[in-house]
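Here are the chains, one letter per residue:
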Amino acid sequence: MTARIVFTVAALTLQEAARRRVLRSLAVLTITLLALSAWGFSRLDAEFGGLTTGEAKVAASTVLNLVMFGLSLIAALGTAFLAGPTLAGEVESGTALAILARPIRRSAVLLGKWLGLVAFGSGFVALAGLAQFLIVRTTLGYWPPQPAIGLALLAAQTIVLLTLGLLLSTAISPMASGIVAVGLFGATWIAGVIGGVGQALANDSVARVGTISQMLLPTDGLWRGAMHAFQDQTLFTQVGPGFGASPFLSQAPLTTAYLGWAGLWVVLVLVLAGLAFQRRDL
Amino acid sequence: MTGPTARLGASASLDVGAEEQPIADLPPSSAVWCSGLRKRYRRQTAVDGVSFTVGRGEVVGLLGPNGAGKTTVIKILLGLVRPDAGEVLLLGRSARDPQARAGVGYLPELFRYQPWLSAAEVLALHVRLAGVTVPAAERRACLALVGLADRAGDRVGGFSKGMQQRLGLAVALVARPDLVILDEPTSALDPLGRADVRDLLLSLKARQVAVLLNSHLIGEVERVCDRVVILDKGRVAASGTLAELLGRRELRLRLDGVDSAAEERLAAAGAFTRDRDSFVVALPADPDATTVPDLVADLVGLGVRVHAVEPARISLEERLLDILRAGPTEERR
């Protein structure tokens, strides 16, 4: 009974994304980015034809990570701005009244929305990411070592952000929840970069900034794990110290403990969103 | 009748107020039963100890001025607003259980439906959420009932306000409800639409579907409702059948040459008011067949010249204004 409601709402959320031009604007943004990157990669090859294989790998890894960051940004923005209106917007407009007066639990509706958004975000990451890999392969002949793991981590990053967006939208207005979610996402990324600088300079207290922010909001941690899966594994020995300071290269793969924490984080935030939504007067 | 009692006993947060009805006297399963509902929004008390019932197949009107708490009461019944205190049973089940709403159709005051879906898709969605199977032909018939048969495939985003309200009525009716709660169902409708809604309400009544109707259109309420509950400042100011509330009759007279003896005779028939030669005498709910002719004969005997005699019923509107002006505490039943 509840599972049927969850899937009905999930399907409705996907239908909304497909029909409300979110999909179209996302597609336009993505295709623009992919086209730009295709042009950039081909120039990279043409202008620096004399690169050694090692140098080419560093360049390809860095630029791939840079473009993937752009994709992750589009996914994050897209889902965060979809997650906000889908709950807070429906409550504000009154659409939620007729739905929630049906014999259904609010938690089932929330879970359905979450599931629909997860499917949407993951689908986008998988498709756009794969297209980007193919572009890099055609232009530079580079194929990331762990493409599936990398894309899964990128999808996980999107899921973390949309879950946060859902929690925020149970409490604040649709636009505000999207802005806050994206703002926190950016702040965590910057904290991660600062932490990386701290590591490179062996300054523990600065490095801790990155670690703590990656615990509070696991988007940046997952992103660094994804980068690690995209870049050539021999890079670290080639580039040497100062590696950690680069925001578009990652030193180490993610630990199982961190992945576990990210999973737990999503569950906790989702439960919190469920409780907040349950208590809300419509 | 142990069900509600047990549930009431189990809820620790329940504030059993003085208005609490004796639970044992209730019919086995009314369409709506609520008791001691209370809700505060910050410093504003929206609902303050509201209790009433809607019997199976009964049409009950919820009346009251703006801000009386009607919509909040409706939202509490449907679990959309959490009451600070009080208990609700819908069709015999505690409203804490979402399944209590399985047989309930609802048209919100703020009606909005997914603009990216077509009217037919909105109905299909609500049927799925209600957990019932309604064949496509019946869903189409439901749209036809509210006059949207030829717009079934159009996106709701392109609908006018009135059409969206018609769609809302179809949504409230599509899952074969035993109880329909309509919050201002005619607010966006033209006179024709209002007449349609009145017919719809009468057909629901004929099919023994219980209806709780919140409407400002008193004439509408008077025509279709069996009973009314009047809310004022979050409290039940009065409630009862139309006969109970409107039972009072009055006699309007235009008289000439009224002296003190004639005034005494008028007062004996009932309390009266005078405006120059116009007199209004309040008669008992069920006046004797001889009351009016006797009064007229006596007045003529006392030398009064009688120009006009007009027996009248008090309209619900006058009665409502009376009750609201008298204040909520004096007129409680």
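Residues numbered from 1 in each chain as written. Chains lettered and ligands numbered in written order. Predicted model: local features only at pLDDT ≥ 70, side-chain atom pairs only at ≥ 80, totals over all residues.

For chain B, an unreviewed UniProt entry supplies the name ABC transporter ATP-binding protein and the organism Acrocarpospora corrugata. Under the UniProt heading Sequence similarities (unreviewed entry), the note attached to chain B is "Belongs to the ABC transporter superfamily." (UniProt positions renumbered as here; feature names shortened; annotations may be inferred.)

Per an unreviewed UniProt entry, chain A is named ABC transporter permease, and its organism is Acrocarpospora corrugata.

## Considering the UniProt feature "transmembrane region" (unreviewed entry) in chain A
In this structure's numbering, the residues bearing the UniProt feature "transmembrane region" (unreviewed entry) are residues 22–42, 62–83, 114–136, 148–168, 180–202 and 258–277 of chain A. Regarding residues 258–277 of chain A, the helix share stands at 100% and the strand share at 0%, and the terminal C-alpha atoms are separated by 28 Å. (Helix = DSSP H or I, 4+ residues; strand = E, 2+ residues; numbered from the N terminus.)

## Section: the interface of chain A and chain B
Residue-level contacts link 22 residues of chain A with 24 residues of chain B. Listed by contribution, the elements that provide at least two residues to the side of chain A that touches chain B are helix 1 (2–19) and helix 4 (95–100) of chain A. Looking at side-chain class alone, the side of chain A that touches chain B contains eleven nonpolar, four polar and seven charged residues. (Contact = placed C-beta atoms within 7 Å. Nonpolar A, V, L, I, M, F, W, Y, C, P; charged D, E, K, R; others polar.)

## Concerning the domain arrangement of chain B
In terms of domains, chain B is made up of domain 1 (2–244) and domain 2 (248–313). Using only C-alpha atoms to locate each centre, domain 1 of chain B and domain 2 of chain B end up separated by 44 Å. (Domains from an automatic or database assignment.)

## What about the nonpolar core?
Among the nonpolar cores identified, the biggest contains 151 residues, and Leu77(B), Leu90(B), Ala170(B), Ile181(B), Val211(B) and Leu213(B) are the most heavily contacted of them. The element best represented in this core is helix 3 (residues 53–93) of chain A, accounting for 14 residues. Ignoring anything within four residues of it in the chain, the contact list for Leu90(B) reads Val32(B), Leu77(B), Ala95(B), Ala100(B), Arg101(B), Val104(B) and Leu179(B). Grouped together as the second largest cluster of nonpolar side chains are ten residues, Leu266(B), Val281(B), Leu283(B) and Val304(B) included. (Core = buried A, V, L, I, M, F, W, Y, C linked by C-beta atoms within 7 Å. Buried ≥ 20, exposed ≤ 12 C-beta atoms within 10 Å, placed from the backbone.)

## Focus on the sheet that holds strand 13 (residues 278–283) of chain B
Residue and element names in this part refer to chain B. With respect to topology, four strands assemble into an open sheet ordered 12-13-11-14, the strand pairing being antiparallel. Looking at the sheet topology across the chains shown, the edges are occupied by strand 12 (272–275) and strand 14 (305–313). Averaged over all adjacent pairs, the angle separating strand axes in this sheet is 20°, with direction ignored. As judged from the six bridges shared by strand 11 (residues 249–256) and strand 13, these two strands associate in the antiparallel manner. Across the sheet, residue Glu250 finds its bridge partner in strand 13, namely Ala282. Of the strands in this sheet, strand 11, strand 13 and strand 14 touch helix 10 (residues 291–301), which is tilted by about 160° from strand 14. (Pairing = 2+ DSSP bridges. Axes fitted to C-alpha atoms, helices over the stretch in contact; angles between N-to-C directions.)

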